[in-house]
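Tertiary structure, described
Chain residues, written in single-letter form:
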Amino acid sequence: MAMNYNAKDEVDGGPPCAPGGSAKTRRPDNTAFKQQRLPAWQPILTAGTVLPIFFIIGLIFIPIGIGIFVTSNNIREIEGNVFMYYGLSNFYQNHRRYVKSRDDSQLNGDSSALLNPSKECEPYRRNEDKPIAPCGAIANSMFNDTLELFLIGNDSYPIPIALKKKGIAWWTDKNVKFRNPPGGDNLKERFKGTTKPVNWLKPVYMLDSDPDNNGFINEDFIVWMRTAALPTFRKLYRLIERKSDLHPTLPAGRYSLNVTYNYPVHYFDGRKRMILSTISWMGGKNPFLGIAYIAVGSISFLLGVVLLVINHKYRNSSNTADITI
Amino acid sequence: MEREPAGTEEPGPPGRRRRREGRTRTVRSNLLPPPGAEDPAAGAAKGERRRRRRCAQHLADNRLKTTKYTLLSFLPKNLFEQFHRPANVYFVFIALLNFVPAVNAFQPGLALAPVLFILAITAFRDLWEDYSRHRSDHKINHLGCLVFSREEKKYVNRFWKEIHVGDFVRLRCNEIFPADILLLSSSDPDGLCHIETANLDGETNLKRRQVVRGFSELVSEFNPLTFTSVIECEKPNNDLSRFRGCIIHDNGKKAGLYKENLLLRGCTLRNTDAVVGIVIYAGHETKALLNNSGPRYKRSKLERQMNCDVLWCVLLLVCMSLFSAVGHGLWIWRYQEKKSLFHVPKSDGSSLSPVTAAVYSFLTMIIVLQVLIPISLYVSIEIVKACQVYFINQDMQLYDEETDSQLQCRALNITEDLGQIQYIFSDKTGTLTENKMVFRRCTVSGVEYSHDANAQRLARYQEADSEEEEVVPRRGSASQRGSIGSHQSVRMVHRTQSTKSHRRTGSRAEAKRASMLSKHTAFSSPMEKDITPDPKLLEKVSECDKSLAVVRHREHPLAHLSPELSDVFDFFIALTICNTVVVTSPDQPRTKVRVRFELKSPVKTIEDFLRRFTPSCLTSGCSSIGSLATNKSNHKLGSSFLSTPSSDGMLLRLEERLGQPTSAIASNGYSSQADNWASELAQEQESERELRYEAESPDEAALVYAARAYNCVLVERLHDQVSVELPHLGRLTFELLHTLGFDSIRKRMSVVIRHPLTDEINVYTKGADSVVMDLLQPCSSVDARGRHQKKIRSKTQNYLNLYAAEGLRTLCIAKRVLSKEEYACWLQSHLEAESSLENSEELLFQSAIRLETNLHLLGATGIEDRLQDGVPETISKLRQAGLQIWVLTGDKQETAVNIAYACKLLDHDEEVITLNATSQEACAALLDQCLHYVHSRGLQRAPEKTKGKVSMRFSSLCPPSTSTASGRSPSLVIDGRSLAYALEKNLEDKFLFLAKQCRSVLCCRSTPLQKSMVVKLVRSKLKAMTLAIGDGANDVSMIQVADVGVGISGQEGMQEMLREMTATETLASHAHTVFRMGIFLPCCVPCILRREDKPYTRSASPVTGIPLRLKAVMASDFAVPKFRYLERLLILHGHWCYSRLANMVLYFFYKNTMFVGLLFWFQFFCGFSASAMIDQWYLIFFNLLFSSLPPLVTGVLDRDVPANVLLTNPQLYKSGQNMEEYRPRTFWFNMADATFQSLVCFSIPYLAYYDSNVDLFTWGTPIVTIALLTFLLHLGIETKTWTWLNWITCGFSVLLFFTVALIYNASCATCYPPSNPYWTMQALLGDPVFYLTCLMTPVAALLPRLFFRSLQGSIFPTQLQLARQLTRKSPRRCNAPKETFAQGHLPKDSGTEHSSGRTVKTSVPLSQPSWHTQQPVCSLEASGEPSTVDMSMPLREHTLLEGLSAPAPMSSAPGEAVLRSPGGCPEESKVRAASTGRVTPLSSLFSLPTFSLLNWISSWSLVSRLGSILQFSRTEQLADGQAGCGLPVQPHSGRSGLQGPDHRLLMGASSRRSQ
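Residues numbered from 1 in each chain as written. Chains lettered and ligands numbered in written order. Predicted model: local features only at pLDDT ≥ 70, side-chain atom pairs only at ≥ 80, totals over all residues. Heavy atoms only, no water.

**A few points about the overall build of chain B**
Selection rule: A run of H or I in DSSP becomes a helix once it reaches four residues, and a run of E becomes a strand once it reaches two; helices and strands are each numbered from the N terminus. Exposure categories follow from relative accessible area, calculated using a 1.4 Å probe and restricted to protein chains: below 20% of the type maximum is buried, above 50% is exposed, and the middle band is partly exposed. It only takes one pair of heavy atoms within 4.5 Å for two residues to be counted as in contact. The Shrake-Rupley method, run with a 1.4 Å probe sphere, supplies the accessible areas, and residue values consider only the shown protein chains as cover.
For chain B, the count of helices and strands is 58 helices and 37 strands. Evaluated residue by residue, chain B yields a buried proportion of 64% over its 1555 residues. In chain B, the share of contacts with a sequence separation of at least 24, taken over all contacts with a separation of at least 6, comes to 79%. In the structure as shown, chain B presents an accessible area of about 54,100 Å², 59% of it carried by carbon and sulfur atoms.

Written as structure tokens, this is what we have:
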């Protein structure tokens, strides 16, 4: 309170009178901010002011939608690189416990994690007292069917289509996220002391013959480890590269698909698919986006028209309303 | 010698003392060795240590420690406090759930982050506040003070914190008491000192304290070393108005200690050179600090509603989680048996049972969906409220120039309640009125003195409060007085100077106040001081004076006067002395050289009385005791001139002065006198001319000033004597035997004096007429004298009624002459009462009642209390805003009704139901009748009814016009007694129902308890939001009961004795000022509420009658300088605060629901496994980081309707009252929209990525982005004003999101399981689908809302939207004010605002049907302005408009210039009158719904004449504003004429904003 008194003295103690002078008063500052007079744009939402927005949205969205739709529909033509996908339905790769069941350190080649995987991998962490590499449910459930595509020529001798195994995973995954454990030249050496996942037929270092595509950096494995968002999904399996500009990548003809069936899906009412597709500038074929754009644009346009009517009808009354204020 | 006990009280019986041991504190001098201590020759340091140890045992030292925490205790203590909030507990619980592996959804550490963040912010704020407190504590603790040191045998400077109980402290003038100190010695020869309690209660008037009896007679300086007495007193308590104890001297003698011996910590010593005292209570045991408690926390209505909706959210959360749990159970049950590849068994390889899985899933879902309970909402609300408080505090237009104070928000968290108030309960005195009491007229002995000159003088003040005006009346009165005595006029001149001179030495603050506020403070206003006397009465007083001067030596001098003159004389004596006014001289602390008439007084014992009042003493005029005393005083003063016994000396002196020829006095005062009194008299004159009266209440000061105008001057007041000076009689010194202070039950105060002329013992009583008139001596109608008396009484009563009808405050003055025997008898009982320790207050009360009977009526006074500036306008505005205003006053009915008319609370053309009942049954019957009447009102006018004592009047003073009669509600006037009946359980419903029907309610003669009961009733029964506003202690209870309490802070010394009673124990605190400094020192919470069972607690101290009352400000949530600021506070800030917060709360609910919705929809696609597609980092920090700032900025800055429109259209306030912005319906609508939006925001990415190779988190990230954009766009739709801050924060949010995402996604290749979002955002940015989805989804999600909003804006706009659209129509409005503002705030702006505002207000009546208001078109009958129709003209052309408005901002005060009602121009008023006549048809024409522009133009020919008339008046006004009314007016025609009004609106707008 003493302080209080002093302060009061100090505040009041300026030269008498001289309001607005140097005398300290408690008068608040006259600034636009403090007096809440900041200049401001004040949009008012009425039919009249908003309807241009609706029309503009309509005018922008409908062409975009048409563009997307056309692009998406053009994908059907099997030209350029063809992507080969396998698709699974009713497969819950996004299940909470499934998603967690991996050890990124192990996959990144961390030696300690290799031999001592994360607890998140339980119950696919150890098998027969050996750490599982790669551990976890995701790896354990890796899709292991083999799909081969043959062109059945005129001579009815099937010509195998060259399916490229590399280049199907994200570059960063292949080169940054996934690494084989360090160690000797032999992959088997590097994975020494680990065991294969329970469901796997062969250990991780035998996924592929190509050392650049083997072990953790096997691209099929990497693709599988990117857990799908939705229970119905597809995953890139192979690339069919276009050989020359003259011929289509997959010329018209009869093809046969050879599936080495390892992966059981009927237990959980799942389905397997194989999809061949090209992609456009906006990805694979999906007509939805184009339709959605057209729909939203049209709705917006329609609403704009409604607003126009309303504006016309109610403008007068709103004007009088204004007047009465 | 101080060991000698002065008091002769016997020490209490030992047993009794022991019994009280537990409740008392014993204080000994620290200078003495402690009882049974080691040898006194112990070293200094040792002594010091010992002393400390002893103090540490049980007594607090004086160290102030308001901090809550220490370094060590901060963390646990703060956390403990924070976990008292359920929300925090909830969030911590959720976060801890994450540590359970089976159910965890997030990384445990991460999940703790938000709640830790919130806790940390709160902790940091607490820490900062605590540090501020620590700093202020430190500063206070290190103030210096003189403390007697045992070692050095003198007073040495010590810090405050080093003071201990039992220390001797010496303080000099203008120093602040560091602790509660018992006054032992004062430099004042009478043993008095004066203190100012401004730091405690804001009162700057002086209060008197006196040295403990037994020490006051000390001749030499007090020596602490010889103090051996023991002080026994109460344990520390928070009762400021009470202190009891006793001092026990070595010889076992005992003397009582009272409140006026105690100097309270925080008070300031004034007018006294130095005092010495012993510390009784130190540090936190001082009364001032014990009165501190935390700041007030109230839950606002909005917050209550919000909490309810939070509960809905909890329910929703539980439902969603349950749904999800059941779903997951089913899913598990379906898939686990099938050896699904994706099924993850438990770690031991076994599968979870579906039920267990469901339970786990439930808990996990709660974690995942926790965002539904808006953790950020609470923090955001606190931030927004803090900013709102800041803005309210910073509003220049709530700043009061006169008192240099601005509005203070003392409650930090109920700002939005201001926007929802439905009922205002206002005090009258000091709230609606200025509480500047001005003596207006009086009646003495049945003769009325109308004081016409005085009335004219007041009228002049009314006209102009300027300096020049003040000179006129003063000169007039001075010349008038010149004939009476020139010293009077000399004094007048000096007095004029004194208002400008420093009030007290060393106080610059006072000096400034005295000069700057000379016309505003209660004590220095010339309006109140310079009363023009009524010539007739003045003559009579002078006659009394003269004749008494002649007959003074005779036996019974007063008997020589006629009864009337005797009454006149007594009347003025009573006015002068029957009060507690302190006379001070501002220059120097008084040096008393005057002869003491009698030393021992008031009489304390019967022996004392007998000694002093034996007949021999009275007849001879002297006694042995008297001479003894005089001798002592002679010795003390060392004066040689007084050798005769005192009373003789007094007489002698007076005679000698009287003997001087009048001419000598008139010509040159006393200085020419050659006798040996000359020097003393000169000194007297010196001090007299600087006399100031410091009164407890303005009423008292007004009466003393009035008496002074009649040359009956109060020159001195000591605790035992009062001196009055008259021109001829000279100085009369009255021996003051007792002062029976004012209290609110007795409603009167009395002084018991011995009259120096007659030596009789007289009682002068002053009090409320209702009480005093009942106490008069019954007069027989047999003898002539009795009949005369009766006549006088009835006349006086008539005059009293007249005064009251004029709105004056009435007081009766009465007298009683006591015989010696009566007095002796009374004194006996009074002394018993005084010495009683148990219930002395009650006994003293009884004793006072015994004395105040058989009074002889002298006269009555009428005191005027003027209305504050702008009260009628404010009331009218608040009315328009749909607020019901009830006035609860303690004044009598007539006064109150009159004031109510004056402030337009009652209208002359409306009916007033007056409810006066004398019994419960009568009241019930009356209420029924009234209700019946209200129902059938309009059919016939009920006649005035009188049933015995019951009277009910339906008075319609002015026949209402037919148009308004049916539409208007009546007003209700009820008096205190009826109110008491009406508030009974069985009647309260009826009363409330009746009151609800009434436009305004006026409760007169209501006690504080009744006030609070009324407020409580309305609050609880009508479920209405209430606001109570008041200034005094009697309003405290009501202020505390109301939802929002507002205190009037503007005036000082606002406490008044004659105010109605207070039901509170009064407390005070300095916290409000500390708070102003930004230190959150807890302020006081008075204990009124727990006092309810004991309604009548007297706060006046029995001994001095000086109550230390609580200012209403202390109990209030908001403190405004003047009543009129309420308008802006409620209508503008209240509305804004409410609208902002309501919208923000809704937005937060929307945001969280929408966000949670996204996660919920996903559960349908992940087997209800509580999985989330959104990375947990986004999930957790989304609310905290990315989407928090823009809504905050909108919540702080959004102005849904501009200030000027809100102020000119108070009707807009109703949106808050009706909770239009945030009601259950809006909430659910909002939630539904959130659900829809989340569905859209989920399904579009879902469909866009359906059957693609997208992975979980690459799919989730666009969803987050979409959500963020949707939130921002949604906010954009809801934001009404876009300042640069809005743009920046929105941009910042988006940028921040992408920056954080990019950094986060590039930071670590193997971290952040399980999402491991490495390079996700980078990859997405290269994907066109990402952009396409992010573009379309927010648009699709928000289309419905945008469409709905625009439809609403067009088809069924709310009033607020209409108002917003109105501002759109006048785009220049935004620019004009800025220009005028650039010129700076003119000093007088605030003063003229209201006068100039009037025309503006009327110019924009919101009365057309679309507004659904019941107010009449022109709601400002007050101003007499025409209700202008200008608004009816649509703005179509701007050319002329611009031409007209261009010069306006160039003038010095443009708004004013244009808008001030000219008044000086007769033709214009005619023109205006003409336009008024046409108002109704025109506006009704425009209000037709089908009215279109085309119609309007076609009907133009009909109204063009009117238009031109209107236009004429407008231009006239413009011209008048710029160059006076003589300018030629250019004729306008056709539509251009229409621009005038619109232009004027613009100017109205600009002027409102420029002020």
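**A look at the packing of aromatic side chains**
This is how it is decided: Within 6.5 Å between ring centres, the rings of Phe, Tyr and Trp (the latter by its six-membered ring) count as paired, and their orientation is classed by plane angle as stacked under 30 degrees, edge-to-face over 60, tilted in between. Put simply, a charge is over a ring when the Lys NZ or the Arg CZ is close to the ring centre, within 6 Å, and near the line of the ring normal, within 35 degrees.
Under the definition given, this model contains 79 aromatic pairs over all chains. Residues A:Tyr92 and B:Trp331 carry aromatic rings whose centres are separated by 5.1 Å and whose planes lie at 85 degrees to one another, so their mutual orientation is edge-to-face. Taken together, the positions of A:Tyr92 in the loop between strand S1 (82-89) and helix H3 (96-100) and B:Trp331 in helix H8 (residues 301-335) put the pair across two chains. Relative accessible area serves as the criterion here: at 6%, B:Trp331 is assigned to the buried category. Centre to centre, the rings of B:Tyr1318 and B:Trp1319 are 5.6 Å apart; their planes meet at 35 degrees, and the pair counts as tilted. For B:Tyr1318, a relative accessible area of 10% puts it in the buried group. In this structure, A:Arg226 is placed above the aromatic ring of A:Trp170, and the distance from its NZ or CZ to the ring centre is 3.7 Å. The ring of A:Tyr85 carries A:Arg234 above its face, with NZ or CZ at 5.2 Å from the centroid.

**Considering the state of the cysteines**
Filter applied, for reference: Disulfide assignment relies on a single distance test, namely cysteine sulfur atoms paired within 2.5 Å.
Applying the stated rule across the entire model yields two disulfides over all chains. The partner cysteine of A:Cys121 in its disulfide is A:Cys135, sulfur to sulfur 1.9 Å. Here A:Cys135 lies in the loop between strand S3 (130-131) and helix H6 (137-140) and A:Cys121 lies in the loop between helix H5 (111-115) and strand S2 (126-127), a separation of 14 residues in the sequence. A single burial state applies to A:Cys121 and to A:Cys135, both of which are buried. A sulfur-sulfur separation of 1.6 Å characterises the disulfide bridge that pairs B:Cys1308 with B:Cys1311. Looking down the S-S bond of the B:Cys1308 and B:Cys1311 bridge, the torsion is 65 degrees, so its handedness is right-handed.

**Comments concerning the environment of B:Lys254**
Position of B:Lys254 among the secondary structure elements: in strand S10 (residues 254-257). Between the C-alpha atoms of B:Lys254 and B:Gly214, which are 40 residues apart in sequence, the distance is 9.7 Å.

**Considerations on the environment of A:Ser141**
Structurally, the position occupied by A:Ser141 is in the loop between H6 and strand S4 (146-152). Counting along the chain gives 43 residues from A:Ser141 to A:Tyr98, while the straight-line C-alpha distance between them is 9.8 Å. The residues touching A:Ser141, leaving out its near neighbours within four places in the chain, are A:Phe91, A:Tyr98, A:Trp224, A:Tyr263 and B:Leu341.

**Some remarks on unusual backbone geometry**
Look at the link from A:Glu122 to A:Pro123: it is a cis peptide, with omega at 0 degrees. Topologically, A:Pro123 is positioned in the loop between H5 and S2. For the peptide bond that leads from A:Ala133 to A:Pro134, omega is -10 degrees, which places it in the cis range. Within the secondary structure, A:Pro134 sits in the loop between S3 and H6. Positioned with a positive phi, B:Asn174 is a non-glycine residue whose angle comes to about 70 degrees. Along the polypeptide, B:Asn174 turns up in the loop between strand S4 (168-172) and strand S5 (180-186). Classification of B:Asn174 as buried rests on a relative accessible area of 17%. Positive phi, close to 65 degrees, is recorded for B:Lys904, a residue that is not glycine. Position of B:Lys904 among the secondary structure elements: in the loop between helix H30 (893-902) and strand S30 (912-916).

**Focus on the pairing of strand S13 (residues 274-281) of chain B**
Residues and elements named next belong to chain B. We count it as follows: By definition, two strands form a pair when at least two bridges between them are found by DSSP.
A large share of S13 lies buried, amounting to eight of its eight residues. Across five bridges, the pairing between S4 and S13 is antiparallel. What sits directly across from Phe168, in S13, is Ile278. With six bridges connecting them, S5 and S13 associate as antiparallel partners. Considered in S13, the bridge of Ser185 is made with Val276.

**A look at a nonpolar patch on the surface**
Residue and element names in this part refer to chain A. We apply this condition: Here a patch means residues that are over 30% exposed by relative accessible area and free of salt bridges, tied together within 9 Å if like-charged and within 5 Å if nonpolar (Val, Leu, Ile, Met, Phe, Trp, Tyr). Here, a salt bridge means any Lys or Arg side-chain nitrogen found within 4 Å of an Asp or Glu carboxyl oxygen.
The grouping of Leu59, Phe301, Val305 and Val309 at the surface amounts to a nonpolar patch, some 340 Å² of accessible area in total. Among the elements that make up the nonpolar patch, the one with the highest residue count is helix H10 (residues 287-324) (three residues). Relative to the assigned elements, Val309 resides in helix H10.

**What to know about the UniProt feature "transmembrane region" (unreviewed entry) in chain A**
All names here are of chain A. Applicable threshold: UniProt positions are given in the numbering used here, feature names are shortened, and annotations may be inferred rather than shown by experiment.
UniProt annotation of "transmembrane region" (unreviewed entry) refers to residues 44-70 and 288-310 when read in the numbering used here. Note that residues 44-70 is 89% helix and 0% strand, and that its end C-alpha atoms are spaced 38 Å apart. Helix makes up 100% of residues 288-310 and strand 0%, and the two end C-alpha atoms of the span are 32 Å apart.

**Description of the sheet that holds strand S6 (residues 233-240) of chain A**
All names here are of chain A. As a reminder of what qualifies: Throughout, an axis means a line fitted to C-alpha atoms (over the contacting stretch in the case of helices), and angles, computed between N-to-C directions, take values from 0 to 180 degrees.
Pairing in this open sheet of three strands is antiparallel, and the strands run S6-S1-S8 from one edge to the other. The sheet is open, and its two borders are formed by S6 and strand S8 (271-277), each paired with just one other strand. On average, each strand axis in the sheet is inclined to that of its neighbour by 20 degrees, with strand direction left out of account. When S1 meets S8, the two strands line up antiparallel, connected through seven bridges.

**Regarding the domain arrangement of chain A**
Stated formally: What marks off one domain from the next here is an automatic or database domain assignment.
The assigned domain composition of chain A is domain 1 (58-75 + 281-314) and domain 2 (92-232 + 249-272). Put simply, the middle of domain 1 of chain A and the middle of domain 2 of chain A, counted by C-alpha atoms, are 41 Å apart.

**Quick notes on helix H2 (residues 47-74) of chain A**
The following threshold applies: How far a helix is expected to stretch is found by multiplying one less than its residue total by 1.5 Å.
Compared with an ideal rise of 1.5 Å per residue, which puts 28 residues at 40 Å, H2(A) spans 40 Å between its outermost C-alpha atoms and is within 8% of the ideal. Where H2(A) is concerned, the buried positions are A:Ala47, A:Val50, A:Leu51, A:Phe54, A:Phe55, A:Ile57, A:Gly58, A:Phe61, A:Gly65, A:Ile68, A:Thr71 and A:Ser72.

**With respect to the nonpolar core**
To keep things clear, this is the line we draw: Definition used in this section: a nonpolar core is a set of buried Ala, Val, Leu, Ile, Met, Phe, Trp, Tyr and Cys residues joined via side-chain atoms within 4.5 Å.
Ranked by size, the top nonpolar core spans 137 residues in total, and within it A:Leu289, B:Phe1149, B:Met1173, B:Tyr1222 and B:Trp1259 carry the most contacts. Leave out the neighbours within four places in its chain, and B:Tyr1222 touches B:Leu302, B:Gln305, B:Met306, B:Asp309, B:Tyr1138, B:Ala1142, B:Val1145, B:Leu1146, B:Phe1149 and B:Phe1227. If you look at the next biggest cluster of nonpolar residues, it comprises 60 residues, including B:Leu558, B:Ala706, B:Val724 and B:Phe742.

**Re the sheet that holds strand S1 (residues 24-27) of chain B**
Residues and elements named next belong to chain B. Pairing is antiparallel across the open sheet formed by four strands, whose spatial order is S1-S8-S9-S10. Only two strands of the sheet have a single neighbouring strand rather than two, namely S1 and S10. Neighbour to neighbour, the strand axes of the sheet diverge by 20 degrees on average, direction disregarded. Judged from the four bridges that link them, S1 and strand S8 (residues 230-234) form a sheet pairing that is antiparallel. Residue pairing across strands places Val27 opposite Ile231, the latter belonging to S8.

**Looking at the confidence of the model for chain B**
All names here are of chain B. Inclusion rule: Predictor confidence is given residue by residue as pLDDT, running from a minimum of 0 to a maximum of 100.
In the predicted model, chain B carries a mean pLDDT of 70, and the fraction of residues at 70 or more is 65%. Long-range and interchain partners of residues 1-21, a stretch whose pLDDT sits below 50, account for 37 contacts in this model, where long-range means more than four residues apart. Segment residues 614-688: pLDDT under 50, and 85 contacts once partners within four positions in sequence are set aside and those in other chains are kept. Reported confidences for the modelled complex are a pTM of 0.72 and an ipTM of 0.92.

**A look at the packing of helix H27 (residues 820-835) of chain B against helix H28 (residues 840-851) of chain B**
Residue and element names in this part refer to chain B. For clarity, the threshold we go by: Working definition: roughly parallel below 35 degrees, roughly antiparallel above 145 degrees, roughly perpendicular at 65 to 115 degrees, and oblique for all remaining angles. By definition, turning the near helix anticlockwise from the far helix through less than a right angle yields a left-handed crossing, and turning it clockwise yields a right-handed one. Throughout this entry, Asp, Glu, Lys and Arg are counted as charged residues, while Ala, Val, Leu, Ile, Met, Phe, Trp, Tyr, Cys and Pro are counted as nonpolar. The remaining residues, Gly among them, count as polar.
Put simply, H27 and H28 touch, their axes get as near as 8 Å, and they point 160 degrees apart. In terms of their interaxial angle, H27 and H28 are classed as roughly antiparallel. For the crossing formed where H27 meets H28, the hand is left-handed. Listed contacts from H28 to Trp826, Ser829, His830, Ala833 and Glu834 of H27 are Ser840, Leu843, Leu844, Ser847, Arg850 and Leu851. Looking at the contact of H27 with H28, its residues break down into five nonpolar, four polar and two charged.

**Re the pairing of strand S9 (residues 245-248) of chain B**
Residue and element names in this part refer to chain B. Here S9 shows a buried face lined by Gly245 and Ile247 and a second buried face lined by Cys246 and Ile248. Of the strand pairs in this sheet, S9 and S10 are connected by four bridges, and their pairing is antiparallel. Counterpart to Cys246 in the pairing with S10 is Gly256.

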